[in-house]
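Commentary on secondary and tertiary structure
Each chain, written out:
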Amino acid sequence: KNEVEQSPQNLTAQEGEFITINCSYSVGISALHWLQQHPGGGIVSLFMLSSGKKKHGRLIATINIQEKHSSLHITASHPRDSAVYICAVSLRLSGSARQLTFGSGTQLTVLP
Amino acid sequence: DTEVTQTPKHLVMGMTNKKSLKCEQHMGHRAMYWYKQKAKKPPELMFVYSYEKLSINESVPSRFSPECPNSSLLNLHLHALQPEDSALYLCASRWGNTEAFFGQGTRLTVV
């Protein structure tokens, strides 16, 4: 079983719809990250959460530490939001080093 | 400067070639990472450098050789690669338990 499970794997929405992507994890973490990857490769960090909720523009991320669950919401979705959204958890390695363990990603397509 | 810069963006190499990928950041981050990403898969961790020392080597074949010459620079030396090594190679950096910054990646094709 993967340490990080994301759902759905693929999501198609109409422009303007409210979108939710879910992430569950099975290990103790120091933080959870939501990342965005466009075709062409580069990954952009959207949020880093260790508790509660964060908002940036039309994006909202929440985390429930007790339930080991996080959600990414996109309000008023737009075709430019089409990308792969990846949930990743931060695990301590040795010393101060940490690694990110990634979920499998959600391919979001927003149609005009 | 909040960028991680990777060069080259694209690389085609033969199985007998030696090449290097370069990653640079000037944010003072002391942890730097190499990831390998195949199409439609999440990134897989290859190496972690912490304070310029190799912390983690995720059982990567010796044809991949990382190097961290200073706190801003991370190299990945490639030698005698196989076609299955073709992938997107991503570099990332962090300071402690903070936000991770990723480069745009090098798309490697081994022919």
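Conventions we followed
- Residues numbered from 1 in each chain as written.
- Chains lettered and ligands numbered in written order.
- Predicted model: local features only at pLDDT ≥ 70, side-chain atom pairs only at ≥ 80, totals over all residues.
- Heavy atoms only, no water.
- Disulfide = S-S within 2.5 Å.
- Helix = DSSP H or I, 4+ residues; strand = E, 2+ residues; numbered from the N terminus.
- Pairing = 2+ DSSP bridges.
- Axes fitted to C-alpha atoms, helices over the stretch in contact; angles between N-to-C directions.
- Buried < 20%, exposed > 50% of the residue type's maximum accessible area, 1.4 Å probe, protein only.
- Polar contact = N/O pair within 3.5 Å; in protein donor to acceptor, adjacent residues only side chain to side chain.
- Contact = heavy atoms within 4.5 Å.

This part is about the state of the cysteines. All names here are of chain A. As enumerated under the stated definition, the model contains two disulfides over all chains in all. At a sulfur-sulfur separation of 1.9 Å, the disulfide partner of Cys23 is Cys87. An S-S torsion of about -60° defines the bridge between Cys23 and Cys87 as left-handed. One end of the pair, Cys23, is in strand S3 (residues 19-25); the other, Cys87, is in strand S9 (residues 83-92), and 64 residues separate them in sequence.

All names here are of chain A. The sheet built from five strands is open, its strands ordered S1-S3-S8-S7-S6 with antiparallel pairing. The open sheet is flanked by strand S1 (4-7) and strand S6 (52-56), the only strands paired with a single partner. Pairwise comparison of adjacent strand axes, ignoring direction, gives a mean angle of 15° for this sheet.

Looking now at the sheet that holds strand S7 (residues 64-70) of chain B. All names here are of chain B. Overall, antiparallel pairing links the four strands, which are arranged S1-S3-S8-S7 in an open sheet. Two strands in the sheet have a free side with no partner beyond their single neighbour: strand S1 (4-7) and S7. Recorded for the sheet is a direction-independent mean angle of 20° between the axes of neighbouring strands. The pairing of S1 with strand S3 (residues 18-25) spans four bridges and is antiparallel. The residue bridging Thr5 from the neighbouring strand is Glu24, located in S3.

Before going further, it helps to examine the pairing of strand S9 (residues 87-94) of chain B. Here is the key point about a regular strand: its side chains alternate between the two faces of the sheet. Residue and element names in this part refer to chain B. Across the eight residues of S9, eight count as buried, placing the element largely inside the fold. Examined bridge by bridge, strand S4 (residues 31-37) and S9 share seven bridges and lie antiparallel to one another. Along S9, the bridge assignment pairs Tyr33 with Ala92. Two elements, S9 and strand S11 (residues 106-110), share three bridges in a ladder whose sense is antiparallel. Bridge pairing links Leu88 to Arg107 in S11. Taken together, S9 and the strand that follows it, strand S10 (residues 101-102), pair antiparallel across an intervening segment of six residues, in which Gly96 is found at a positive phi of about 60°.

When you line up the elements, Gln37(B) lands in strand S4. A distance of 2.8 Å separates a polar atom in the side chain of Gln37(B) from the backbone oxygen of Lys41(B). In this structure, Gln37(B) is in contact with Gln37(A), Pro42(B), Pro43(B), Ala87(B), Leu88(B) and Leu90(B), ignoring residues within four places of it in sequence.

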